[in-house]
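What follows is each chain in one-letter form.
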Amino acid sequence: FSTRYGYFEARMKMPNGKARGTDSSFFLFSEDAAWPPEIDVVEYAGVTEGKTILQNLHFKTATGRDSRMHHPTPPGGGSFADTWHVYGMR
C-alpha cells in the first residue's frame, strides 16, 4: 500500500543465531521503489548474535547520497532475540 503520513509499527522477535541469512527487517521506501530514500525502522543481521540492530535513514543531498545511522543495543544487555520488541515510527 502507499501512504504519505501515519504511524508504522511492528512487533518482532529476532531470530536467534549467528548464521548468515537470518536477517530480518522493517523498512519504508518510496512508492516508485527508487533509492534513496529509505527508512530502516529496524534491520537485524544474525551475524551480530542479537546484540545490535540497525536503524538508518538514507536520503539524497545536493552532492549525492547520505545516511544517518543509529545502532542501539538491547535493553538490559541481553539479545534482541530474547523476547518480543515493538518498533515504530511516525
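Scroll up for the structure.
Residues numbered from 1 in each chain as written. Predicted model: local features only at pLDDT ≥ 70, side-chain atom pairs only at ≥ 80, totals over all residues. Heavy atoms only, no water.

J.: Explanation requested: the overall build of the chain in the structure shown.
T.: If you tally the helices and strands in the chain, you get 0 helices and 6 strands. In the chain, the succession of α and β elements from N to C terminus is β-β-β-β-β-β. For the chain, long-range pairs separated by at least 24 residues make up 43% of all intrachain contacts whose partners lie at least 6 apart in sequence. Working note: accessible area of the chain is about 6300 Å², and carbon and sulfur atoms make up 51% of it. (Helix = DSSP H or I, 4+ residues; strand = E, 2+ residues; numbered from the N terminus. Contact = heavy atoms within 4.5 Å. Areas by Shrake-Rupley, 256 points an atom, 1.4 Å probe, with all protein chains shown as cover.)

J.: Please explain the pattern of salt bridges as it appears in this structure.
T.: Pairs may arise between side chains of opposite charge once their charged atoms sit close together. Tallying each qualifying case throughout the model produces 1 salt bridge. Taking the shortest distance from any N to any O, the salt bridge between Asp66 and Arg68 comes out at 2.9 Å. Under the relative-accessibility criterion, Asp66 is labelled partly exposed at 28%. (Salt bridge = Lys/Arg side-chain N within 4 Å of Asp/Glu carboxyl O. Buried < 20%, exposed > 50% of the residue type's maximum accessible area, 1.4 Å probe, protein only.)

J.: What should I look at first to understand the environment of Val42 in this one?
T.: Summarising the element assignment, Val42 is placed in strand β3 (residues 38-44). We classify Val42 as buried; its relative accessible area is 0%. Here the alpha-carbon distance between Val42 and His70, two residues 28 residues apart in the chain, equals 9.8 Å.

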